[in-house]
Structures are given as structure tokens and as C-alpha cells.
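Below are the chains, spelled out letter by letter.
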Amino acid sequence: MSPVFPMLTVLTMFYYMCLRRRARTATRGEVMNSHRTVVPNNRTSPLTTELVQYAKEVVDFSSHYGSENSMSYTMWNLAGVPNVFPSSGDFTQTAVFRTYGTWWDQCPSASLPFRRTPSNFQSQDYVELTFEHQVYPTAVHVLETYHPGAVIRILACSANPYSPSPPAEVRWEILWSERPTKVNASQARQFKPCIKQINFPTNLIRLEVNSSLLDYYTELDAVVLHGTKDKPLLSLKTSLVDMNDLEDEDYEDKDACGIDSLNKKLNSAALGEGPNNGYFDKLPYELIQLILNHLTLPDLCRLAQTCKLLNQHCCDPLQYLHLNLQPYWANLNDTSLEFLQPRCTLVQWLNLSWTGNRGCISVVGFSRFLKACGSELVRLELSCSHFLNETCLEVISEMCPNLQDLNLSSCDKLPPQAFNHIAKLCSLKRLVLYRTKVEQTALLSILNFCSELQHLSLGSCVMIEDYDVIASMIGAKCKKLRTLDLWRCKNITENGIAELASGCPLLEELDLGWCPTLQSSTGCFARLARQLPNLQKLFLTANRSVCDTDIEELASNCTRLRQLDILGTRMVSPASLRKLLESCKHLSLLDVSFCSQIDNRAVLELRASFPKVLIKRSFTQ
């Protein structure tokens, strides 16, 4: 046989492997915009039956606009068939996340961002849904009914939530991802991204969203999973493939939020001795450290495998003062923490939000890491970290004496008794307990001992029996409090508001949205305005009793106001809003949705007179 034929065979195999690799890594943007790419065609053979399923259950989510005790605007509305679609508008039967735009990042309660967050990780919220049958996905459709465009990633999980035995391995694959893009329409749409083919069946789908470019809250109605019971054969339509394109995209895919093997990067190989390190030997140690500060965690771990000098720099604990592990939630486990442990003895900021679920991080692994690395911790983010239990909070209280910032948002599986340990953290300045099961006794103890608190979030804490008692304790003990979130607290009255207003004069942000027991006729809102002149953000969402007198008090006393939400009031007129806008020169957000006296004409006139203020008015079709 001529030697030409084996060479042709090798080249053909190499070309085919490149095409397969290209098909696996193609994003929707590549499929639509590139003429030199592989287009995956997920058509199955005629003998394969495609199943079409709506979500059976919502099993986890990071936030929602609704209450824990109702179905209005909650993530649970994503289960089952559509309630609203194809209608457009603001409907209570849809799923709505807690925030939109950049307004929450501009509030006094906003936290500083972590350094070294990969640019391709921009997820802000998520929701996980299960389906009846495991299938190989061929399509995922999201029914969006209001202000679409928030979904930026769709993932599939190998674990079956309905299996009686825990999985040996939990694997997540990105089906589709894209950077946040502006959608210039608020109308309903059926979002049909072109998804990647995966090699395992799934009945657990995760949507991740970024609402920063939205003009208002996005509303989702249903999710449809298309798939086959049998693994489909990949059918490819191919044209010329540029090898440089393949190399660039492969490198980008390696950092797909760490869903490839972060552990392999952490486990650096043995490094051989080299004759010298070139020009690096001539650079000051501090300068190299400064340069490495700009690398992401995976890049830092890769660089550590190049030579002994750079390995020394990359393993220096000073490189890990701020450690953000949230982007790598899908692959982070006990082994990852064990590899990182020697490098993190000086860590001050640690973000483990979204990590460790479904057994990936154990209580033992977390405790071991914190015992070795917790002494210098000042900030600890644990939002939606469902591996946490009482032992974990006890370890935090014992091992982190300098902790000032603790975020337990949506850790709704933590037992109530676990929160008693937080009272030992006397240096706390920020505490986020949104959607947790903290009870009144534990919270009173925390407030009594943590008198340095400046930021406190108690939104949707349904286990608290009497918010007036809590408000009284806050007013008595937390004199430095600047921001307070009481979103959907069910029973605070004018008595609690009086204690807050008199005891916390430094308050700059107060969220009393959906607090049904507050009545303007008691003078509670006027009292707030008179006694809290530093207010920059005030949410009185869905309080029907807010009236012109309250607005005029705000105009007279709270001239620093930047954000005001009075959605749903029936007693505020355009004239009082004009007074407010004239007095509050810094006002940038005003939500008057569903205010019966503020019609579309009034909104247009106010927008024309005050063009720098974003005046929101939602609608229902």
C-alpha cells in the first residue's frame, strides 16, 4: 500500500475529530453568525420518538418576587403548563425574580464585587426544574411573557432527583449560553435557543438569568423540554473549518465558568528543575504578584504548572485574599477545597454561594477548610449553599472571629436552631437572612449581641412571629443601622415603624414592600419621612394606603431620595408626584405601576418634565 493512503487516513480522522469538537463547543452566536462553523442538527431518526414535557416541579431557586406562602409572582409558577402565554404583560401567575436592572447595585446596601470574577460568568439568579422523564435534550423552550431576555445560560444535570439512591457523580453540562443582550420589546415570546447535544439523559434543567439590562421585571411562564429516550446520532452540516478559530474557542470553553475540571487545574503536576527563569528572575517579587492579580483562578492554577518560580508566586496566600468560587459552583467539591486550603490561609473574602449542593461539598469538608482558613475571614458569601447545617454555622461562629459580612440568602434548608450561633459573631456589620427559617428568639439574640450591624436583610423570613418586637430591638440595639430589608414581613405595624424611626436615625434604605399591616392613616409613613432625612431608597410596594400627604412629607424632608416604589397605591395624585420630583433632585427611579390615579398621560407628562428620572408604569394586557 502506498504511504500516501495512511497519511490521508490520519488527516481524515484528525479533520473529523476537529469537526466533532467544533460541534460540541458551538454557541448560538456561532451557529447564527459564522460561515465557517459546524452546525449541529439534532434531528433524530424517524424511529425515535421525541418527548415534549413541561416542568413537573421547581426544586431550587435563588430569589423570587413573591411570598413563601402564596403563588403570586413565585418561581413555583414555572411548574406545569402555561398560565398566561401567549398573553403579554404583568401577571401574578408568572415566575418573577426579585430584582431587575442595576438599581439594586446602586443602593446603599449593595456589596462590593469580588476581584477575579471571570468575565464570562454573569449569572445573577437561577431556577432549577425537574421533569417526569429523563431524555437526551433536543430543545429547551422558555415561555417569557414580560420583558424577555434575562435568560443567559441553560444547563442540564446528570443526576435524577427522583432516584431513590444518591448519584455516584453529579455532572452539569451547559446546553446554551450567551452574554446578556438587550431585548427592545416587552412583549411575550417563546425563546428557542439552539442547544448543544450532550451524552447523558437528564430530567433536571437549570436556567440562569441576568436582569441587568432589563427595563423592568422579567416574567417567565413555563419551560418546555424536548428530548428522546434514546441517544440521538449527531448529524453535521459542515463547511470549511478554520483551525485558528478552533484553538481560540477551545481556550474560551475551558473557562466556561469552571464546569470543566477545575480540580485538574488545582492539582498541579510535578515541576522539573530549569536552568533559569529568564527575565522573571530580574523582576521584583511584588511586581510579579501585582501582574498575577489580574488572572482568574483557572489561569492562576494553569500558570502554577509552568515552572517553580511561577508556582511559588501562584501559591502565595496573598494571591487568595479575595476568593470567589461561585463561578465554579458546578464542579466545586471537597477535593477542590482540599487543594485550595494551603493557599487560602490568609483569605479575607470568600464566596461559596451556589456551591456544594447535591452532596458535592460535605459538612466535614467545609468545616476542615474553614478551620484552616477562617481566622482572617471578614466576608463570607453562602447564598443558596444547601449543604449548610447547624454544625457549619457553629464552625463559622468559632473559626471566624473577625467576620463582618455574612450572607445566608435563600439558605432555606438551614434548621431554625442553627441561627443561634450567629449571635457569637459580635463584629458583624452586614447580615443577609433573606428567605431563611430564622425564628424570633434567635433573631432577638443576634440583634442583642451584634450591635455593630449596619446592613440587615430580613425579607421573606416567614418564621418570625412579631415584627414589632424585632423592630423594637433593632431600634434599641442597632444604632448604626443604615439599610433594612423587611420585604413581605407579614405583621409589622405603626408601633414597630415608630421604634425604627426613632432608634435608627442613620437609615438610608428601607424596604417595606408588601407589608399589608401598615396603614397611612396611622401617620407611620409621615413619621418615617420626618425622622429619617437620610433616606435614599424607600419601597412601599403594594401598600394601597399611601397618600398625597405621605408623598409631600417625603418631598419636604427626604431630599436625598434616589429610589421610590409606590406600586399599587390608589391615593397618590400627579400633583403630589410633581412636588416630589421638584424637591428630590437626585431621584432616579420612581415606580408608579398600578397607581389608579396615575394614568399613562400623567406618566408621559412627568417623563417630559423630568427626563433624568426613570418613571416605571407596568401594564397588564
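Above this text sits the structure in question.
Note that the structure is a prediction, hence the values are computed from the model and not measured.

(A) Seen up close, the overall build of the protein. Tallying secondary structure elements over the protein gives 17 helices and 23 strands in all. Evaluated residue by residue, the protein yields a buried proportion of 54% over its 621 residues. Sequence-distant contacts in the protein: of pairs separated by 6 or more residues, those separated by 24 or more amount to 81%.

(B) Focus on a nonpolar patch on the surface. Together, F280, L283, L287, L290 and I291 make up a nonpolar patch on the protein surface, roughly 430 Å² of accessible area in all. For L283, the location among the structural elements is in the loop between α4 (262-266) and α5 (285-292). By relative accessible area, which is 33% here, L283 ends up partly exposed.

(C) Up close: the pairing of strand β7 (residues 172-177). Most of β7 is tucked away, with five of its six residues classed as buried. Where strand β6 (residues 151-157) meets β7, five bridges bridge the pair, whose relative direction is antiparallel. Within β7, the position partnered with L155 by the bridge is I174.

(D) Looking closely at the packing of aromatic side chains. Within this structure, the stated rule accounts for 18 aromatic pairs. Taking the centre distance of 5.7 Å and the plane angle of 85 degrees together, the rings of F61 and W76 count as edge-to-face. Of the two residues, F61 sits in strand β3 (residues 57-61) while W76 sits in the loop between β3 and β4 (95-96), which places them 15 residues apart along the sequence. Using a relative accessible area of 27% as the deciding quantity, one classes W76 as partly exposed. With a centroid separation of 5.2 Å and 75 degrees between ring planes, the pair formed by W176 and F191 is classed as edge-to-face. With a gap of 15 residues between them, W176 in strand β7 and F191 in strand β8 (residues 189-191) connect regions that are remote in the sequence. Taken individually, W176 and F191 each receive the classification buried, so the pair is uniform in this respect. Put simply, the rings of Y65, Y73, Y100, W104, Y146, Y216, Y217, W487, W514 and F539 pair up and form one aromatic cluster. Sitting over the face of the ring of W329, R206 holds its NZ or CZ atom 3.7 Å from the ring centroid. Sitting over the face of the ring of W514, R488 holds its NZ or CZ atom 4.3 Å from the ring centroid.

(E) A look at the packing of helix α15 (residues 548-557) against helix α16 (residues 574-583). Viewed as axis vectors pointing N to C, α15 and α16 meet at an angle of 10 degrees, and their least axial separation amounts to 8 Å. Judged by the inter-axis angle, α15 sits roughly parallel to α16. Each of D548, I551, E552, L554 and A555 in α15 lies in contact with α16, whose residues at this interface are S576, L577, K579, L580 and S583. Along the lines of polarity and charge, the residues of the contact of α15 with α16 split into five nonpolar, two polar and three charged.

(F) Structural view of the sheet that holds strand β15 (residues 405-407). As summarised here, the arrangement of the twelve strands in space is β12-β13-β14-β15-β16-β17-β18-β19-β20-β21-β22-β23, forming an open sheet in which the pairing is parallel. Pairing within the sheet leaves two strands with one partner each, and these edge strands are β12 (322-324) and β23 (614-616). With strand direction ignored, the average angle separating the axes of adjacent strands in the sheet is 5 degrees. Where β12 and strand β13 (residues 349-351) come together, three bridges link them in parallel fashion.

(G) Molecular detail of the pattern of salt bridges. Tallying each qualifying case throughout the model produces 23 salt bridges. One salt-bridge network, in which partners are shared between bridges, spans E128, R153, R206, E208 and R358.

(H) Seen up close, helix α10 (residues 390-399). Residues C392, L393, V395, I396 and S397 constitute the buried set of α10. Near the N-terminus of α10, the side chain that reaches the backbone nitrogen of T391, with its oxygen 3.1 Å away, is that of N389.

(I) The arrangement of α5 in detail. Those residues of α5 not exposed but buried are I288, Q289 and L292. When α5 is viewed along its axis, its buried side chains cluster within an angular range of 100 degrees and face the same direction. Contacts from the buried residues of α5 go to α6 (297-303) and α7 (308-314).

(J) Region of the structure containing unusual backbone geometry. The amide bond that connects F85 to the next residue, P86, takes the cis arrangement and shows omega of 15 degrees. Of note in this structure, R358 is not a glycine but carries a positive phi near 60 degrees. Within the element layout of this structure, R358 appears in the loop between β13 and α9 (363-373). The phi torsion at A542 lies on the positive side, around 65 degrees, for a residue other than glycine. Residue placement: A542 occurs in the loop between β20 (537-539) and α15. According to the relative accessible area criterion, A542 is buried, its value standing at 15%.

(K) Region of the structure containing the environment of A110. Inspection of the secondary structure assignment puts A110 in the loop between β4 and β5 (125-146). A sequence separation of 345 residues divides A110 from H455, and the C-alpha atoms of the two residues are 9.5 Å apart. Aside from chain neighbours lying at most four places away, what touches A110 is W104, D105 and R430.

(L) Structural context of the state of the cysteines. Counted by the stated rule, this structure contains zero disulfides. Between C450, a free cysteine, and C426, which holds the nearest cysteine sulfur, the sulfur-to-sulfur gap is 5.7 Å. Taking relative accessible area as the criterion, C450 reaches 0% and is therefore assigned buried. As a non-bridged cysteine, C478 has C504 as the owner of its nearest cysteine sulfur, 6.5 Å distant. The exposure class assigned to C478 is buried, which follows from its relative accessible area of 0%.

(M) The arrangement of the environment of L540 in detail. As for its placement among the helices and strands, L540 is situated in the loop between β20 and α15. We classify L540 as buried; its relative accessible area is 3%. When the C-alpha positions of L540 and G513 are compared, they lie 4.8 Å apart, and in sequence the two are 27 residues distant. Not counting residues up to four positions away in its chain, the partners in contact with L540 are L512, G513, F525, V546, D565, I566 and L567.

(N) A look at the packing of α9 against α10. Here α9 crosses α10 at 5 degrees, and the two axes come no closer than 10 Å. Viewed along their axes, α9 and α10 adopt a mutual orientation that is roughly parallel. Residues V363, F366, S367, L370 and K371 of α9 pack against T391, C392, V395, I396 and M399 of α10. Here the contact of α9 with α10 is composed, by residue class, of seven nonpolar, two polar and one charged.

(O) Summary view of the environment of C524. For C524, the position within the fold is in helix α14 (residues 524-531). Accessibility expressed as a relative area gives 1% for C524, which makes it buried. Separated by 28 residues in sequence, C524 and G496 place their C-alpha atoms 9.3 Å apart. Each residue touching C524, except ones within four places of it in the same chain, is listed here: E494, I497, L518 and Q519.

Cut-offs used in this document
Residues numbered from 1 in each chain as written. Predicted model: local features only at pLDDT ≥ 70, side-chain atom pairs only at ≥ 80, totals over all residues. Heavy atoms only, no water. Helix = DSSP H or I, 4+ residues; strand = E, 2+ residues; numbered from the N terminus. Buried < 20%, exposed > 50% of the residue type's maximum accessible area, 1.4 Å probe, protein only. Contact = heavy atoms within 4.5 Å. Patch = residues over 30% accessible without salt bridge, like charges linked within 9 Å, V, L, I, M, F, W, Y side chains within 5 Å. Areas by Shrake-Rupley, 256 points an atom, 1.4 Å probe, with all protein chains shown as cover. Salt bridge = Lys/Arg side-chain N within 4 Å of Asp/Glu carboxyl O. Pairing = 2+ DSSP bridges. Phe/Tyr/Trp six-rings, centres within 6.5 Å; stacked < 30°, edge-to-face > 60°. Lys NZ or Arg CZ within 6 Å of the ring centre and 35° of its normal. Axes fitted to C-alpha atoms, helices over the stretch in contact; angles between N-to-C directions. Parallel < 35°, antiparallel > 145°, perpendicular 65-115°, else oblique. Nonpolar A, V, L, I, M, F, W, Y, C, P; charged D, E, K, R; others polar. Polar contact = N/O pair within 3.5 Å; in protein donor to acceptor, adjacent residues only side chain to side chain. Arc of directions from axis to C-beta. Disulfide = S-S within 2.5 Å.

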